[in-house]
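# Residue-level structure breakdown
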Amino acid sequence: MQIPEEVIERIKQENDIVDVVSESVKLKKAGRNYSGLCPFHHEKTPSFSVSPDKQIYKCFGCGEAGNVISFVMKVRNLGFIDAVKYLADRVNIELDFNNGKNNKYHERKDAMYKINTDAARFFFANLRNNTEAKEYFMRRGINQSTINRFGLGFSMNDWKTLLIHLRKKGYNDKAIIDAGLAIKSEKGTVYDRFRNRVMFPVFDYKGKVIGFGGRVLDDSKPKYLNSPETLVFNKGTNLYGLNFAVKNGMAERYFIMVEGYMDCISLHQYGITNAVASLGTALTENQAKLMKRYADKVIISYDADLAGQKATLRGLDILRKSGFDVRVLTVPQGKDPDEFIRSNGREAFLKLIDNAVSLIDYKLGKAKKGIDFHNNEMIIRYGERVTEILADLNPVEKDVYIKKISEETGLREQSIYDMISDKITRNTESIEDVNYEQKESQKSYIEPAYIKAERSILKIMMDDSYFKMISENISAEDFAMESHKELYELIRTLKEKNDENLQSKIELKCQNPEILKEWISIKELVLVVNEREVASEINDYIYQIKKFKLEEQRKNIMNDIKNCERRNLFEESLKLIKTKKEIDKKLKELERD
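This section reports on the structure supplied with the text. Predicted model, so just to flag it, every value in this text is computed and none were measured.

With that out of the way, let us pick up the overall build of the protein chain. Counting secondary structure elements, the protein chain contains 26 helices and 16 strands. C-alpha extents for the protein chain along the principal axes are approximately 95 × 75 × 45 Å. Per-residue burial over the protein chain gives 47% buried out of 593 residues. Of the contacts formed within the protein chain by residues at least 6 apart in sequence, a portion of 63% connects residues at least 24 apart. When the accessible surface of the protein chain is totalled, it reaches about 31,300 Å², and 47% of it is carbon and sulfur. Taken as two groups, the 98 positive and 92 negative side-chain charges of the protein chain have centres that lie 5 Å from each other.

Before going further, it helps to examine the pairing of strand 15 (residues 325–328). Burial of strand 15 is one-sided: the residues Val326 and Val328 facing one way are buried, the residues Asp325 and Arg327 facing the other way are not. Pairing of strand 14 (residues 297–301) with strand 15 involves four bridges; the strand directions are parallel. The residue bridging Ile300 from the neighbouring strand is Val328, located in strand 15. When strand 15 meets strand 16 (residues 357–358), the two strands line up antiparallel, connected through two bridges.

Below, the discussion takes up the pairing of strand 9 (residues 197–203). Counting buried positions over the seven residues of strand 9 gives seven, a clear majority of the element. Of the two faces of strand 9, the one carrying Arg197, Met199, Pro201 and Phe203 and the one carrying Val198, Phe200 and Val202 are both buried. Sheet topology places strand 6 (residues 153–155) next to strand 9; three bridges connect them, and they run antiparallel. Bridge pairing links Phe154 to Val198 in strand 9. For strand 9 and strand 10 (residues 209–216), the ladder comprises seven bridges, and the chain directions are antiparallel. In the strand pairing of strand 10, Arg197 is matched with Val216.

Secondary-structure assignment places Asn92 in the loop between helix 4 (80–90) and helix 5 (104–128). Contacts of Asn92, omitting those with residues within four sequence positions, involve Tyr205, Thr237, Leu290 and Arg293.

Moving on, we come to helix 20 (residues 449–461). Helix length check: helix 20, at 13 residues, gives a terminal C-alpha distance of 18 Å against a target of 18 Å (1.5 Å per residue), a fit within 8%. Burial analysis of helix 20 places 10 of its 13 residues in the buried class, the great majority of the element. Along helix 20, the positions that sit buried rather than exposed are Tyr450, Ile451, Ala453, Glu454, Arg455, Ser456, Ile457, Leu458, Ile460 and Met461.

This next bit is on the sheet that holds strand 10. Pairing in this open sheet of four strands is antiparallel, and the strands run 6-9-10-11 from one edge to the other. Edge positions in the sheet fall to strand 6 and strand 11 (224–226), since each of these pairs with one other strand and no more. Strand-to-strand twist of the sheet, defined as the mean angle between neighbouring strand axes without regard to direction, takes the value 35 degrees. Each of strand 6, strand 9 and strand 10 touches helix 6 (residues 131–139); the most contacted strand, strand 9, lies at about 65 degrees to it. Against the sheet, helix 11 (residues 261–269) engages strand 9, strand 10 and strand 11, with an angle of about 70 degrees to strand 9.

Conventions adopted
Residues numbered from 1 in each chain as written. Predicted model: local features only at pLDDT ≥ 70, side-chain atom pairs only at ≥ 80, totals over all residues. Heavy atoms only, no water. Helix = DSSP H or I, 4+ residues; strand = E, 2+ residues; numbered from the N terminus. Buried < 20%, exposed > 50% of the residue type's maximum accessible area, 1.4 Å probe, protein only. Contact = heavy atoms within 4.5 Å. Areas by Shrake-Rupley, 256 points an atom, 1.4 Å probe, with all protein chains shown as cover. Lys, Arg positive; Asp, Glu negative; His and termini not counted. Charge placed at Lys NZ, Arg CZ, Asp CG, Glu CD. Pairing = 2+ DSSP bridges. Expected span 1.5 Å × (residues − 1). Axes fitted to C-alpha atoms, helices over the stretch in contact; angles between N-to-C directions.

Written as C-alpha cells, this is what we have:
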C-alpha cells in the first residue's frame with residue numbers, strides 16, 4: 001500500500017514533534033529545544049533532545065535519532081504505514097485507500113468504534129434503570145432531551161457487568177482492553193474500568209464514539225476517570241462537544257471553551273451551542289488547528305483562577321499564536337458556567353461573553369493583584385511579572401500595552417522596555433549554556449571511525465560536484481552498515497533521476513526507523529573541510545571504509561580457519577587460507593593506492 005509523498009509530508013507538518021513526544025516523554029524547555037529522559041534507554045540525566053525547528057529528536061546518550069514518524073514507530077511498535085495512519089488520525093487528515101475495507105488498520109479502528117458504540121448504548125440503557133444516576137442529572141438541571149442528545153449513561157457498581165455484556169456480543173477480552181473499557185490486573189484478572197459512575201461518551205468531530213469520561217456518584221477517588229489513549233482516542237487532538245457545535249453551524253465563528261463535561265452540556269441545553277470542553281488537558285497545537293477550521297475567536301470560561309495554572313496558560317498562548325482572538329470570561333463569585341447559567345439564565349451568560357477581556361489584559365490584571373504601588377519592592381515584583389507577559393508579544397502589541405501600563409501605574413515606558421531587553425539577554429545566555437551542556441553530553445556516545453567515514457561520504461555524495469567521483473570509486477557493498485548501503489542506493493537513484501528537493505525525498509523514502517535514524521545523523525553531520533582538500537578527504541574516507549570492510553572479512557575468515565582446523569576439515573581450511581591471501585592482497589593494494 002502506498003501513501004502519496006505529499007500526503008506524508010503534510011502529516012509530518014501537521015504533527016508537531018514536541019506535542020507527539022510529550023505524550024510519552026516529560027519534556028522541559030532548554031533554549032531553543034526541549035530535553036527529557038530518553039525513552040529508548042535507561043538514564044538518570046536527560047540526554048534526549050527534541051528540536052521544534054528541525055522537527056527531529058536526538059539522544060546524545062544512545063545515539064537514537066529520527067522524526068515524528070520514526071518516534072511513533074518505535075514508541076508504539078508500529079510499522080511505517082500504521083504510524084503514518086496514526087499520525088493522520090491524530091490531526092484529522094483522512095487517508096483514502098481503495099483497499100481500505102480490507103486494511104487491517106482500518107478494520108481495527110472500525111472495530112474500536114463499534115465496541116465503543118455498543119458500550120455507549122449499554123451505559124445509556126443502564127441509566128434508564130438506575131434512579132440514583134437519573135436523579136444526579138435531574139439535580140444538575142439536565143433534562144431527558146439533553147440526556148438523549150449527548151448519550152449520557154451509567155456504569156453499574158459491579159466489576160464485570162460491561163465485560164460480560166460485550167463478551168456476549170462477540171468481543172474478546174483483548175479488544176475490550178485495547179478500547180480502554182476493561183483493565184487486566186497483574187494476576188491476569190480482567191475487570192471493568194468504569195464502575196458506579198455517570199458516563200459521558202466522547203465523540204470525535206464527525207460524531208463517532210471514541211472514548212468515555214466517568215464521574216463518581218459518591219466521594220470515592222478519582223472523582224473523574226477518562227478513557228486511556230487508544231487507536232481512536234487522543235485527548236490532545238479532540239474536544240468534547242465539538243461535533244455538536246459544528247453541527248449547529250458556528251455562524252458567529254467563535255467557541256466558548258469550558259473545563260468540564262457538565263459545563264459544556266448545560267450551555268448547550270440553554271442554547272449556547274458553540275461550547276466545547278478541553279478533555280482535562282492543556283490545549284495543544286493540534287486542537288488549535290482543528291478549531292481554526294470553524295472559528296477565529298476563543299472565549300475561555302474555566303472554573304478556577306487561570307493565573308495559577310501554568311499549563312492552561314501555555315495552552316491559551318498556543319491559541320493566541322495560532323491566530324485566535326483569545327478572551328477570558330470570568331464567572332462572578334467563583335461559580336462554574338454550569339451553576340451560573342442554571343441560576344441566572346442564558347441572557348446573563350451572554351452578557352458575560354460580551355464583557356470577556358483579552359488574554360493579555362487578563363494576565364496584566366492578575367499581575368497587579370496584591371501589589372502596593374507605594375512599595376518599591378512590590379513595584380519591582382510587578383515589573384518582573386509584566387515583563388514575563390510582554391516579552392513574547394510583537395512590537396506593536398508591546399508598544400500598546402507598555403503605554404497602557406505606564407499610564408495606569410506611573411512606571412516609565414523606557415523602564416519597562418529595558419526590563420524586557422534584559423530578559424531577552426538572559427534567555428540568550430541560557431540558550432548558550434544549554435548548547436554547551438548538549439555538546440558535553442554528546443561525548444558520552446562515541447562512534448567508531450568507520451561509521452563517521454561512511455556518514456561523511458554519504459553527506460558529500462549529495463553535492464553534485466563530487467557525486468560522480470564517489471559513485472565511481474565506491475559501491476553499496478563496500479559499506480559495513482546495512483542502513484548506509486540502502487542510503488547509498490537511494491541517493492544514487494534519486495541523483496540519477498535529477499530529483500529536486502533531494503533531502504526531503506530521501507527522508508520520505510526512509511520507512512525503516514534505523515535507516516531514518518542514520519539519515520538524520522548524516523543530515524546533522526557538520527564537516528569542516530577546506531574546499532581544495534575535499535577530493536583528498538573523499539579518498540581518505542573511501543580508504544577507511546574499504547579497509548574496515550576487508551579487515552572485518554579477514555577477521556571472520558581467521559575464525560573460520562581455526563574452527564576448520566579444530567574439526568580436521570583440511571580441504572575447507574585450505575580454501576579459506578586462499579581467500580585470506582586474496583584479502584591480504586587487496587589490503588596491500590589499498591595501502592599502495
